[in-house]
Structures are given as structure tokens and as C-alpha cells.
Amino acid sequence: MALQAGPEELGEQVVEEPEDLEDQDASSISPAEEITLPVGHGGEDESEPLLLPWDRFSAWLHCICVVGFDLELGQAVEVIYPHHSKLSEKEKTSICYLSFPDSNSGCLGDTQFCFRFRQGSNRKSSLGCFLETADRDAPVSLKRDQGHYYGYVYFRQVRDKSLKRGYFQKSLVLISRLPYVTFFHSLLKILAPEYFDKLEPCLEAACNDIDRWPTPHPGRVLSLPIMGVVIKVRIPTCYDKPGTSQLVQSTQTDSQVSIVLPTIHEVDLFRCFHPVFFHIQMLWELVLLGEPLVVMAPSPAESSDTVLALISCLSPLRYCSDFRPYFTIHDSEFKEYTTRTQAPPSVILGVTNPFFAKTLQHWPHIVRIGDMKQEGEMAKQMKVRKLKNLKTLDCKTGVYSAFKPFLNKDEDIIKQLQKGVQQKRPSAAQNAILRRYFLELTQSFIIPLERYVASLMPLQKSISPWKSPPQLRPFLQEEFMKTLEKAGPQLTSRLKGDWIGLYRQFLRCPNFDGWFRNRKREMSQKLDALHLEALCEEDLQLKTQEHTEVEKVDLVLKLKDKLTQAEKNHLPVRPGTVSKLQAHIEAIILGLPKDLQGILHKPSTP
């Protein structure tokens, strides 16, 4: 859902506000307590009982893996649940290496982290229509990842003298396309200790529990039973106001609810950025511009949390380049990402192996994170260090880069966070301050782009039912730049600096390309929807009275095709539009000879 700058700013080209993207139920999406809809009436899709076995499980997870360490084989996938789940050998290899911390990390006890890797081959799900609906209503940052899998890891390493290696080492890994990091880590905290105690029967029971869950539909409050515990969550929607969280409220009837999650995906920004919070604005610019960035951390937990924090600081804008919360020397993209024969790609890597300090030394921007457990200590690294000072992974915490930020440093946010540390302000409050800061910064940057793109929309009066829908005007960089003088970010942000230079570089990066493609698709669908509505307002039967039979048949076929496309693409038409057009088609067919009716006539759907 695009940010809205207000109708008076967007001008008359905005043919209709985007609140009507869906049918009447769209208005009931927010707040959370309003969207607990009864089963069979929007709360659960009425066709869900027709789902095949394991379809509900597949809506949440691809599979669950157990990765162990064998003295002869090394890391190996010991178990995959459900047993029919398919993983290629390349995918299994990726999971094996990414599910264990590097040996230098020294992760004794239990450790949780996540990774992301390329999907080996396209797999079609029998759950297609439900996944499309969920993706359609989800914020861009929470849409299902089509080309990658996420791996959510619970790793246990404890001393065990009975084993030759002297240690018990095993990981329980959830593989999913959903970026619900907080939710899946919470799920693992319930599931993993039970598994390590009771082994495989526990996994089978957990999979059966998950296969009884409702599909992950945005906007609904979901109660998810697992291993005798009930997790209650709400998945955000693209209709939610940015920066607000629809808290799930416990009620007196929730006697079984054991865990209420306030968020399914947000990481603690302040905890992640605390070691380098003097440089948060510079890091925001680097991520916004899709610059190659390496996070060097002492453990996979800290590397993955920091990479995810960097990605989320652009919210509600989607980070469109590649990112790897935890990356190892065994990764299939290792050579591609470490070669010196070409410029580093637009990617954010989280690493822990000291070897990377040498192999990635040519990368332009490196963030070194120390131990996040020392939250009480003030970050002392105020200056950006030179890359030549980065020799080993054990060097000082800080940001190593020659990048010169486009915007002047915002001293107010630094002072506010410093004051919070001194006064021992709760971490949740510090996190909320930082998240609001990033949101306002991103909104100030993106609203001028939204305003200009909205002006590319044709006037509503140019939409004729008897002509093809009009096209959007092209995005012209210099024309956009001229709008910034009077309607730039200075209207909403107090920050000074080279905003023009920041925009010019942004327009060349993958984040702009991804954002503009999405907005262009949304606006094109809006034009198609308005064209469909214009057709409905016409008296088609009267208009076609003088048409030949061939012309009438041609019109019926074209209208049927438009209806098919409208349903396939979920066009944001007003309620009743589709049924009204079906009635028009029906009337035209009934005016044709019987033989043609037999070919064309189909009863209209109620």
C-alpha cells in the first residue's frame, strides 16, 4: 500500500483514493479487535475445509529439519518433516552449513538465529489461491519470498563426554518463505526444548498441530495451538497505518492462550544498533541506496539480528536487493560475492568467520558489531573509521567506510537515545523511539515520490468504456526533480543536506526499481478497475442493438476475458461491479440466436 500524501497534494489526477482496493471487508481490517471475523463469514475462507492434507502446514512452513554433526560426514540433515517434503541436494547442503555457527563463535548452550538462501527450483503449491490472497493483503515487507527460503534455527551445543567429539551439537530448523522472524523464533522456543527431550514423536505431533492452523491471512487475529500451548498473533496488513501496531487484546475467553505476540516480524532496533547508534542515519542512507554492506559480528544471532534491523529501518519501503542474515564460506554464492574482479553486488551480508575480514576487505562499507550483551555500556565509536584500519574481525566496534552521507547528521535523535541510556529508559521505549525516527525519515523521503507518481495517473474523464484504458505517463527524472523545490522532503523533515543528490542516487538503485514497479502495477490495476466500472455504467444492451451478430459475439468474448483478468489479478473494483457486468453479458447473449446462445451462454454466478 502506498503512503498517502493527502488528496489536496496529489491533485485531480488521483482518480480514487486507494482505500477501496478490496471489497467491503477491507474497511474491517483495522484495528485488530475489529477483524476477528466469525468463521464462515470472512474470518476463515469458507472453502478452507476443502484443503488437502498438509496444505495448512505448507501455508506456514516448507518443512522442519534436524541438522546434526557426524564425525565422518560433518554436518548432515538427519530428519525432514513432513517426510514427503522435497529439498534438492544443493538446498540440503545450504541448510547444513547455515544451521551451525562457525567454530570460532563459541556458542555454548542454546542459540537462535536465522538465515536466508536461494530456492533451488520452482515448486508449485496446491494452496496457490490462499497464498495469493495473503500476499495481496500483506505489507510489501511481509510478502512471501518467491525466490528464497528463510531458515529459523535453534542450535544446542552442550558438553557430553559420552560422544567422541565431547559435545552434543544439533540444530532444529524451520524452513519457510515467510519473513515472520519473531513469530518463528517464539515457535522454536516452545518446540525445540520439547524436541531435544522427546525427539521425533514430538516433531510429528507438532507438524500435525500446525496442519490444523488457519492459513496466515493478514488482518486476522489467529489462535495457533502448538504442543499444548496457544500462540495468539495478528499478521499486519497493507491497510494498517504505518508506525502503528495493532496489539492483540486478551479477553476473558482466552483462558487457553499462553503467549500473545505483539509483533510477528520486528526485531529490537535499539539493541541491534546500540553499538553503532552514532551512525544510524548514515546506515539508513546506505541501506536506502542499496550499497554493498557487510556486518561482522561475533555470533550468528548478532549478525542475523543486525542484518534484519538494517532491512527493517526502511519500513514501510521494501528493501529489494539481496540480503543474507548469516553467510558462510560454504555458501553457494561465496565466490560470486567475494570476487575482486568486479564491484561488490548490492547485498547485505552478515558474517562471523574471521576469514571474511580478509576476503571482504575490498567491500566499501563494513559494520563491526561487538557483543550485544553489554547493553549498559555507551557506544564510544563516534567517528567513521577508514577501511584500511580493518585488519581482523577482532578490531574495534564501528562503521568502516569512505561514504559521505548526503544529509546532515540529526543530533537530536542521538541526544535522545543517549539520554535514554543515561536514565536507564526501558529498551522497548528506546526501540519505539528509533523505529519512529526511521519511519518518519523514510516517509519524508518517499512522500514526494508518491506525490509525483500519483500525478502520472490519467484524468478520470479520459477513461472511456469503448476505448482501451489510458496509459500512465512515463516517470521523468528531471520533471520529478523540479517538483522537489516546492514539494520536497523539507515539508515534513527538519533535516538539511543534499536531498537532490540522495534522490538522484536512489533513482538508480534496486530499491527504487522495486518500489516503482509495484506502484506502477497498482495504478495500472486501478485504471483497469475504473475501466471495468465505466463499462458497468453503460447500457450495453442498448448500445449493441445496431451491432452485427459477429460484433456482439466479439464484445461478449472481450467482456468475459476482462472479467477473467479482473478475478485473476484481484482488481480493486467497487462491490457489485463483477455481478453487474455478468448481468450485462447475460443480457447480450440472450439477444442472440439460440445456436449462438448454446455456445456462449453460461448462467451468471450468484
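Use the structure listed above.
Let me sum up the structure you'll find in this document. What you see as residue numbers is a count from 1 along each chain, following the sequence as written. The model is predicted, so local features are restricted to residues of pLDDT at least 70 and side-chain atom pairs to those at 80 or more, both for listing and for counting; the totals for chains, interfaces and linings are taken over all residues. Side-chain numbers come from the whole structure's heavy atoms, not from hydrogens or water.

**Quick word on the overall build of the chain**
Numbering of helices and strands starts at the N terminus; helices are DSSP runs of H or I of at least 4 residues and strands are runs of E of at least 2. Helix and strand counts for the chain stand at 20 helices and 13 strands. Taking all 606 residues of the chain together, the buried fraction comes to 53%. Note that accessible areas follow from Shrake-Rupley with a 1.4 Å probe, and for residues the cover is restricted to the protein chains shown. Carbon and sulfur atoms provide 52% of the accessible area of the chain, an area that totals close to 29000 Å². A 1.4 Å probe rolled over the protein chains alone gives each residue an accessible area, and that area as a share of the maximum for its type sets the label: buried under 20%, exposed over 50%, partly exposed in between.

**Describing the packing of aromatic side chains**
Stacked, tilted and edge-to-face are the three classes applied to pairs of Phe, Tyr and Trp rings, where Trp contributes its six-membered ring and a pair requires centres within 6.5 Å; stacked means planes under 30 degrees apart, edge-to-face means over 60, and tilted covers the rest. Counted by the stated rule, this structure contains 40 aromatic pairs. Arranged with centres 6.0 Å apart and planes meeting at 65°, the rings of Phe-183 and Trp-213 form a pair that is edge-to-face. Here the residue Phe-183 occupies a position in helix 5 (residues 181-198), and Trp-213 occupies one in the loop between helix 6 (200-210) and strand 6 (221-226), the gap between them amounting to 30 residues. Residue Phe-183 shares its accessibility class with Trp-213, and that shared class is buried. An aromatic cluster is present here, built from Trp-284, Phe-445, Tyr-452, Phe-475, Phe-480, Tyr-503, Phe-506, Phe-512, Trp-515 and Phe-516 joined pairwise through their rings. Two limits define a charge over a ring: the Lys NZ or Arg CZ must be within 6 Å of the ring centre, and within 35 degrees of the ring normal. Just above the ring of Phe-323 sits the side chain of Arg-116; from NZ or CZ to the centre is 4.1 Å.

**Focus on the sheet that holds strand 9 (residues 293-296)**
Strand pairing in a sheet takes place through backbone hydrogen bonds and is either antiparallel or parallel in direction. In this description, strands pair whenever DSSP reports at least two bridges between them. Here we have five strands laid out as an open sheet, ordered 10-11-9-12-13, and mixed in their pairing. Edge positions in the sheet fall to strand 10 (322-324) and strand 13 (398-401), since each has one partner strand and no second. Taking each pair of neighbouring strands and ignoring which way they run, the sheet shows an average axis angle of 15°. In this sheet, strand 11 (residues 347-351) lies alongside strand 10 in parallel orientation, the contact comprising three bridges. When the sheet's bridge partners are listed, Phe-323 is paired in strand 11 with Ile-348. Whether two residues are in contact is decided by their heavy atoms: any pair within 4.5 Å suffices. Lines fitted to C-alpha atoms define the axes here, with helix axes fitted over just the stretch in contact, and angles between the N-to-C directions of these axes take values from 0 to 180 degrees. Contacts from helix 8 (residues 280-288) reach strand 9, strand 11, strand 12 (365-368) and strand 13, with the element oriented near 50° to strand 13. The sheet strands contacting helix 9 (residues 300-312) are strand 9, strand 10 and strand 11, and the helix crosses strand 11 at an angle near 160°.

**Focus: the sheet that holds strand 3 (residues 109-118)**
With respect to topology, five strands assemble into an open sheet ordered 2-1-5-4-3, the strand pairing being antiparallel. A strand with exactly one partner marks an edge of an open sheet, and here the two such strands are strand 2 (74-81) and strand 3. Strand-to-strand, the axes of this sheet are offset by a mean angle of 25°, without reference to chain direction. Relative to strand 5 (residues 167-176), strand 4 (residues 148-159) runs antiparallel, the two being bridged by 10 bridges. Residue pairing across strands places Arg-156 opposite Lys-170, the latter belonging to strand 5. Of the strands in this sheet, strand 1 (63-70), strand 3, strand 4 and strand 5 are in contact with helix 5, which crosses strand 4 at around 40°. Here helix 6 sits on the sheet and contacts strand 1, strand 2 and strand 5; the angle it forms with strand 2, its principal contact strand, is near 50°.

**Remarks on the environment of Trp-499**
The topology assignment puts Trp-499 in helix 15 (residues 499-506). Taking C-alpha positions, Trp-499 is 8.5 Å from Phe-445, a pair spaced 54 residues apart along the chain. Here Leu-495 takes part through its backbone oxygen, which lies 3.1 Å from a polar atom of the side chain of Trp-499. Whenever two N or O atoms come within 3.5 Å, that pair is a polar contact, provided that in protein one can donate a hydrogen and the other can accept it, and provided that, for residues adjacent in sequence, both atoms are side-chain atoms.

**What to know about helix 9**
Any helix carries an expected span of 1.5 Å times its number of residues minus one. Here helix 9 spans 18 Å end to end across 13 residues, near enough to the 18 Å set by a 1.5 Å rise per residue. Most of helix 9 sits inside the fold, with 12 of its 13 residues counted as buried. Pro-300, Ala-301, Glu-302, Ser-303, Ser-304, Asp-305, Thr-306, Val-307, Leu-308, Ala-309, Leu-310 and Ile-311 are the residues of helix 9 that are buried.

**Things to note about the side chain of Thr-352**
With respect to the helices and strands, the residue Thr-352 is situated in the loop between strand 11 and helix 11 (355-359). In this structure the side chain of Thr-352 is engaged in a polar contact, spanning 2.6 Å, whose partner is the side chain of Asp-102.

**Regarding the packing of helix 16 (residues 510-537) against helix 18 (residues 549-568)**
Close contact between helix 16 and helix 18 brings their axes to 11 Å; oriented N to C, the two are set at 135°. Compared by their axis directions, helix 16 and helix 18 come out oblique. The two elements helix 16 and helix 18 meet at a crossing, and its hand is left-handed. Of the residues in helix 18, those in contact with His-531, Leu-532 and Leu-535 of helix 16 are Leu-559, Lys-562 and Ala-566. Roughly parallel means an angle under 35 degrees; roughly antiparallel means over 145; roughly perpendicular covers 65 to 115; every other angle is labelled oblique. Left-handed is the label given to a crossing in which the near helix is rotated counterclockwise from the far helix by less than a right angle, and right-handed is the label when the rotation is clockwise.

**Structural notes on the pattern of salt bridges**
Salt bridges are counted wherever a side-chain nitrogen of Lys or Arg sits within 4 Å of a carboxyl oxygen of Asp or Glu. Here the structure, examined in full by the defined rule, presents 23 salt bridges. Residue Lys-92 is joined to Glu-89 by a salt bridge in which the shortest nitrogen-to-oxygen separation is 3.6 Å. One end of the pair is Lys-92 and the other is Glu-89, both in helix 3 (residues 89-98) and three residues apart, which spans about a single turn. When the shortest N-O distance is used, the salt bridge between Glu-336 and Arg-118 registers 3.4 Å.

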